[in-house]
Amino acid sequence: MENYSLQLNGVFQALSDPTRRAVIAHLGRGPTSVTELARPFDMALPSFMKHIRLLEETGLIRTEKSGRVRSCALERGGFAVMDSWLAEQRALWEGRTDRLEAFVMAEQRAEAK
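Residues numbered from 1 in each chain as written. Predicted model: local features only at pLDDT ≥ 70, side-chain atom pairs only at ≥ 80, totals over all residues. Heavy atoms only, no water.

A. Looking closely at the packing of aromatic side chains. In the structure shown here, the tally under the stated rule is 2 aromatic pairs. Considering the side-chain rings of Phe 41 and Phe 48, the 5.6 Å spacing of their centres and the 25 degrees angle between planes classify their relative orientation as stacked. Classification of Phe 48 by relative accessible area gives buried; the value is 0%. (Phe/Tyr/Trp six-rings, centres within 6.5 Å; stacked < 30°, edge-to-face > 60°. Buried < 20%, exposed > 50% of the residue type's maximum accessible area, 1.4 Å probe, protein only.)

Listed below in structure tokens is the structure:
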């Protein structure tokens, strides 16, 4: 459970930054080079690489070097921990709203009598 929490914290920390979210969105269209990913951002490449490393460490992306070009791609399995947590939250809140709806409907029926 502790490892799950650490993974989840890492994923949400990685996604808390707009630069990293933009990288993830770009990679959603397919693998690309670090140079291409960095182009829209006003920062030095070493600074941008810190974002790439964090995304890689959290398992959200993978990188591969071929010659002088480093390419990045989404690591879909890295999103599993977040997807699992979101599914748990969704089920919890759907159950609560279902109970609230049942309560409201029962109250309306009681008032109608």
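After presenting the structure, the write-up continues.
B. Quick look at helix α4 (residues 45-57). In this model, α4 (13 residues) spans 18 Å end to end at C-alpha, consistent with the 18 Å of a helix rising 1.5 Å per residue. Every buried residue of α4 is listed here: Phe 48, Met 49, His 51, Ile 52, Leu 54 and Leu 55. Backbone geometry just after α4 places Gly 59 at a positive phi near 85 degrees. (Helix = DSSP H or I, 4+ residues; strand = E, 2+ residues; numbered from the N terminus. Expected span 1.5 Å × (residues − 1).)

C. Local environment of the sheet that holds strand β1 (residues 32-33). A sheet is described by the order of its strands in space; here 3 strands give the open sequence β1-β3-β2, paired in antiparallel fashion. The open sheet has two edge strands with one neighbour each: β1 and β2 (61-66). Two elements, β2 and strand β3 (residues 69-74), share 6 bridges in a ladder whose sense is antiparallel. In the strand pairing of β3, Lys 65 is matched with Arg 70. In this fold helix α2 (residues 18-27) packs onto β1, β2 and β3, with an angle of close to 85 degrees to the strand it touches most, β3. Taken strand by strand, α4 contacts β2 and β3, and its axis lies near 120 degrees from that of β2. (Pairing = 2+ DSSP bridges. Contact = heavy atoms within 4.5 Å. Axes fitted to C-alpha atoms, helices over the stretch in contact; angles between N-to-C directions.)

D. Representation of the packing of α2 against α4. Look at α2 against α4: their axes get within 10 Å of each other, and the N-to-C directions meet at 65 degrees. By the criterion of interaxial angle, the relationship of α2 to α4 is roughly perpendicular. The hand of the α2/α4 crossing is right-handed. Here Thr 19, Arg 20, Val 23 and Ile 24 of α2 lie close against α4, whose contacting residues are Phe 48, His 51, Ile 52, Leu 54 and Leu 55. (Parallel < 35°, antiparallel > 145°, perpendicular 65-115°, else oblique. Left-handed = near helix turned anticlockwise from the far one by under 90°.)

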